[in-house]
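Summary of structural features
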Amino acid sequence: MKMTFRWYGEKDSIPLEYIKQIPNMSGVVTAVYDTPVGEVWEEEKIARLKSLCDKAGLEMEVIESVPVHEDIKLGKPSRDKLIANYAKTIRNLGKFGVKCICYNFMPVFDWLRTDLKRKNADGSTCLCYKHETLLSLDAKNLHLPGWDESYTPEQLNGLLEEYKAVSHGQLFENLVYFLNGIMPACDETGINMAIHPDDPPWDMFGLPRIITCEESYDRLFAAVPDRHNGITFCTGSLGAGRFNDLPKMAAKYAGRICFAHIRQLKYEGEKDFAEAGHLTKAGDLDIYNIVKALTSNGFDGYVRPDHGRNIWGEDGKPGYGLYDRALGAAYLNGLFEAIEKDGK
């Protein structure tokens, strides 16, 4: 296991030097953020990121994310050119020691919350989701936390209209087409593609979600058996669906899990949840047994503490402050060390 930490590049409020001070932190998970989706990442920009990480004594082996263009998800004629660009980016990243790319295939919205700074009883703030609040929004004039500036209203409505013609089956076929197009580049470079589950794992605004549960993964691996086709096992995204047995899935797919996002949820309704501190007893996900299932079944990938609360007065990027994620990393380090030693 290698412990990592999400870092949003040179504009991140958290310096690499602080991340390096977290015990057992091997590297950062980052990306090139100023290249338009669909274009090739230039080697010079990748080299710049790698140099900054190297100087801080941190590895840059995981990229999150190389976004997938909507035309690929929609299956438009332009997808072949865009897939070729994606493959070129994979080859460029391989030149700088990247081993894993986390990505998702969620139409339009790659995550949804209804509040990014919900005030908790202890004074901390967290991300939360209320299903009825989401359903009450006007789909023609959406204003979503974290998404208000992602698209113009015209662009967003246009995309939602285009996706009305895309079924779950068609979206899955488009995912398989994409993966088959990039697997040669992955085979050449040794880079694993680690798909992130849909967040949350149910349809939104008529948009299909296809990576939501155990059946999704079985279908994906049957369609694209290449070993470079792997998983980002996000406990929070999968755990939002109470139908998912996370320890069972962690054990079953340990060999295909390249990257684990480990975070905690507290259920507040059938589809309502708030994000909590990583500790097992802080929420409703059995973090201990998830880690035990991973470790006992040969998981040897990358881990990062996922969304944390904002605590101790920190007013950072929602979900991505320093303090609570550092506490999460320390807790996860302890679990992995204890479980690994018990197993020997």
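Now for a look at the structure at hand. Every residue gets a number counted from 1 within its own chain, in the order that chain's sequence is written. Residue-level local features of this predicted model are given only where pLDDT is at least 70; pairs of side-chain atoms are given and counted only at 80 or more, and the full residue set underlies all totals for whole chains, interfaces and linings. Side-chain metrics in this entry use all non-hydrogen atoms of the structure; hydrogen atoms and water are not considered.

1. As for the sheet that holds strand β1 (residues 2–6)
What counts, and what does not: In this description, strands pair whenever DSSP reports at least two bridges between them. Starting at the N terminus, helices and strands are each numbered in turn, a helix being any DSSP run of H or I of at least four residues and a strand any DSSP run of E of at least two. Every axis corresponds to a line fitted to the C-alpha atoms, with the helix fit spanning only the stretch in contact, and the corresponding angles, defined between N-to-C directions, vary from 0 to 180 degrees. Should any heavy atoms of two residues lie within 4.5 Å, those residues are considered in contact.
If you trace the eight strands once around the closed barrel, you get β1-β2-β3-β4-β7-β8-β9-β12, paired in parallel fashion. With strand direction ignored, the average angle separating the axes of adjacent strands in the sheet is 30°. Pairing between strand β2 (residues 25–30) and strand β3 (residues 59–64): three bridges, direction parallel. Its bridge partner being in β3, T30 is matched across the sheet by I63. Running over the sheet, helix α2 (residues 43–55) touches β2 and β3 and is turned about 130° from β3. Strand contacts of helix α11 (residues 287–296): β8 (229–234) and β9 (257–262), with the helix running at about 165° to β9, the strand carrying the most contacts.

2. A word on empty space enclosed by the protein
Worth spelling out the cut-off: A cavity, in this analysis, means grid points on a 1 Å lattice covering only the protein atoms where a 1.4 Å probe fits yet has no way out; a pocket is instead an open set bounded by protein on both sides within 12 Å along at least five of seven lines, and a residue lines either one if it has an atom within 4 Å of a point. Grid points are joined across faces, edges and corners, and a volume is the space filled by probe spheres set on the points.
Scanning the entire structure with this criterion turns up one cavity of 30 Å³ or more. Here the largest cavity defines a volume of roughly 30 Å³. Around the largest cavity sit T4, S26, G27, V28, E59, E61, V62 and Y302, which together line it. Looking at the lining of the largest cavity, the elements that each hand over two or more residues are β2 and β3.

3. Thoughts on α11
The test is simple: Note on classification: 1.4 Å probe, protein chains only; a residue is buried when its accessible area is under 20% of the maximum for its type, exposed when over 50%, partly exposed between these limits.
Residues of α11 that are buried: I287, I290, V291, A293, L294 and T295. Of the residues flanking the end of α11, it is G298, one or two places downstream, whose phi is positive at about 90°.

4. A short note on the sheet that holds strand β5 (residues 115–119)
With respect to topology, four strands assemble into an open sheet ordered β5-β6-β11-β10, the strand pairing being antiparallel. On the outer flanks of this sheet lie β5 and β10 (264–267), each paired with one strand and no other. On average, each strand axis in the sheet is tilted by 40° relative to the strand beside it, whichever way the strands run. In terms of strand pairing, strand β6 (residues 125–129) meets strand β11 (residues 273–276) through two bridges, oriented antiparallel.

5. Here's the deal with the layout of surface pockets
Just so we agree on the cut-off: Residue type decides the class: Asp, Glu, Lys and Arg count as charged, Ala, Val, Leu, Ile, Met, Phe, Trp, Tyr, Cys and Pro as nonpolar, and the leftover types, Gly among them, as polar.
The space that makes up the second largest pocket amounts to roughly 330 Å³. Surrounding the second largest pocket, Y8, G9, E10, K11, A31, V32, Y33, D34, K45, R48 and L49 form its lining. Residue composition of the lining of the second largest pocket, by class: five nonpolar, one polar and five charged.

So far we have only geometry, and geometry alone does not tell us how the molecule works.
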